[in-house]
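Structural characterization, general
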Amino acid sequence: MAVPFALIVAITVVNLATPSHLHLGPLLVAAPALAAVILGHRLTTLTGVLAMVGQVAIGVILRDLSTMDRIAQMASVVLVSVFAVLLADLRERQIRELTQVRQASEIAQSLVLRPLPPRIGPLRVAAVYLAAETEMRIGGDLYAAARTTSGTRLIVGDVRGCGLTAVGDAALLLGAFRAAAHRHVSLAELTAYLDAGVAWNLAESGEHEQAQECFITAVLIDIPDHTPTVQMVHCGHPPPLLLRRKQIITLRARQPGPPLGLQLGVPCHQVDTFDFKAGDVLLLYTDGVIEARNSQGDFYPLAERAAAWAGKRPQVLLERLRTDLLAYAGGYLGDDAAMIAIERPSPVSDHQTTPAA
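Quick summary incoming for the structure in this document. (Residues numbered from 1 in each chain as written. Predicted model: local features only at pLDDT ≥ 70, side-chain atom pairs only at ≥ 80, totals over all residues. Heavy atoms only, no water.)

**Side note on the sheet that holds strand 1 (residues 119–120)**
What the six strands build is an open sheet, ordered 1-2-11-10-7-8; its pairing is antiparallel. Across the chains shown, the open sheet's two edge strands, defined by having one partner strand only, are strand 1 and strand 8 (247–250). Relative to strand 10 (residues 281–285), strand 7 (residues 241–244) runs antiparallel, the two sharing three bridges. The residue of strand 10 that forms the bridge with Leu242 is Leu282. The sheet strands contacting helix 10 (residues 314–328) are strand 2 (123–130), strand 7, strand 10 and strand 11 (337–343), and the helix crosses strand 2 at an angle near 20°. (Pairing = 2+ DSSP bridges. Helix = DSSP H or I, 4+ residues; strand = E, 2+ residues; numbered from the N terminus. Contact = heavy atoms within 4.5 Å. Axes fitted to C-alpha atoms, helices over the stretch in contact; angles between N-to-C directions.)

Shown next, in the form of structure tokens:
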């Protein structure tokens, strides 16, 4: 309100202080026009009234209130003020609708992507999600965790596409994972079950030709509680990174499998086992992270940037990576991005943090 009001006062004072042949009264229409951009419809209406008061004051002092020129200026203020109030009201309604859409998308995301707790069994866990549809705050990247009798299972995936069109497929896979992950089956059997379920539901959702173009890349991991290893099945997904002190190890599969839902029969899902010792941090991510580009078109160097913060707790690590990723990409991501950091605490550090927690 201060800016339009100051503009009205300035124009009125300057108009009265200048020679009578210099007419600045027409500039008063700028005040309600400016108010429509930054203020609500009520304050815009008040600004229009004040602009009219300024026109009348100028006309009374200069004794030209009844002239055609002054009447035309006052009519222009009224006309512009009416349009300004309508514009401000329309802008307010759009803001309310956008707020409702954001709230609905946040609720949908919380139902699809349940927040991961900071501790899952003996593991420290942190997750961050960045949707390409910034106004929707939801997309096709997915992650979930489930406890078994002997360890923790996680899935990180990426549905082909982004936005609301990918939410249904993500919800489908996550529901199937949560229902089957706790069963006493091997990781390869779990992957085969998810692959068959995704393929069947994608085929049911549309034409056969279109279904073959839909798929979900994913990596499934199984972390035993008492064994310093991690088992993985890669399904066309970027390989995770293992942060061990200042060393960055890329956990590449010996025989990567195809993405889920491609309907390629019953492929043999290869299970790879890697060391996951106390103090190690496992970083899983989607391709939206490594495919982010800077102004020169260079891809985001995730391994190099993660090495700079090796040794940090999962929450701190992801906060640094999130800030750095957005700064690198200029605040805009062309694809959904998700990162999950998992730490197997050493007995000493875990014992030291327990009383504080």
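**A short note on the nonpolar core**
Counting residues in each nonpolar core, the largest one holds 47 residues, and the members touching the most others are Leu142, Ile155, Phe177, Ile221, Leu282 and Ile342. If you look at the next biggest cluster of nonpolar residues, it comprises 25 residues, including Leu243, Val289, Ala310 and Leu318. (Core = buried A, V, L, I, M, F, W, Y, C linked by side-chain atoms within 4.5 Å. Buried < 20%, exposed > 50% of the residue type's maximum accessible area, 1.4 Å probe, protein only.)

**Looking at helix 1 (residues 2–17)**
Over its 16 residues, helix 1 extends 22 Å from the first C-alpha to the last, a length consistent with the 22 Å expected when each residue adds 1.5 Å. Three or more residues of helix 1 are buried, namely Pro4, Ile8, Ile11, Thr12 and Asn15. Along the axis of helix 1, the buried residues cluster in a sector spanning 95°; they form a single face. Opposite its buried face, helix 1 presents the exposed residues Ala2 and Ala17, each directed more than 90 degrees away. (Expected span 1.5 Å × (residues − 1). Arc of directions from axis to C-beta.)

**What about a nonpolar patch on the surface?**
A surface patch of nonpolar side chains, about 440 Å² in accessible area, is lined by Leu16, Val56, Val60, Ile61, Leu62 and Leu65. In terms of residues, the nonpolar patch owes the most to one element, helix 3 (residues 41–62), which gives four residues. If you trace the backbone, Val60 turns up in helix 3. (Patch = residues over 30% accessible without salt bridge, like charges linked within 9 Å, V, L, I, M, F, W, Y side chains within 5 Å. Areas by Shrake-Rupley, 256 points an atom, 1.4 Å probe, with all protein chains shown as cover. Salt bridge = Lys/Arg side-chain N within 4 Å of Asp/Glu carboxyl O.)

**Examining the packing of aromatic side chains**
With the rule as written, the count across this model stands at one aromatic pair. Both rings, one in Tyr300 and one in Tyr328, keep their centres 5.2 Å apart while their planes meet at 75°; by these two values the pair is edge-to-face. With Tyr300 in the loop between helix 8 (287–290) and helix 9 (302–308) and Tyr328 in helix 10, the pair connects residues that are 28 residues apart, well separated along the chain. A relative accessible area of 3% means that Tyr300 is categorised as buried. Note that Arg183 overlies the ring of Tyr193, its terminal NZ or CZ placed 5.8 Å from the centroid. (Phe/Tyr/Trp six-rings, centres within 6.5 Å; stacked < 30°, edge-to-face > 60°. Lys NZ or Arg CZ within 6 Å of the ring centre and 35° of its normal.)

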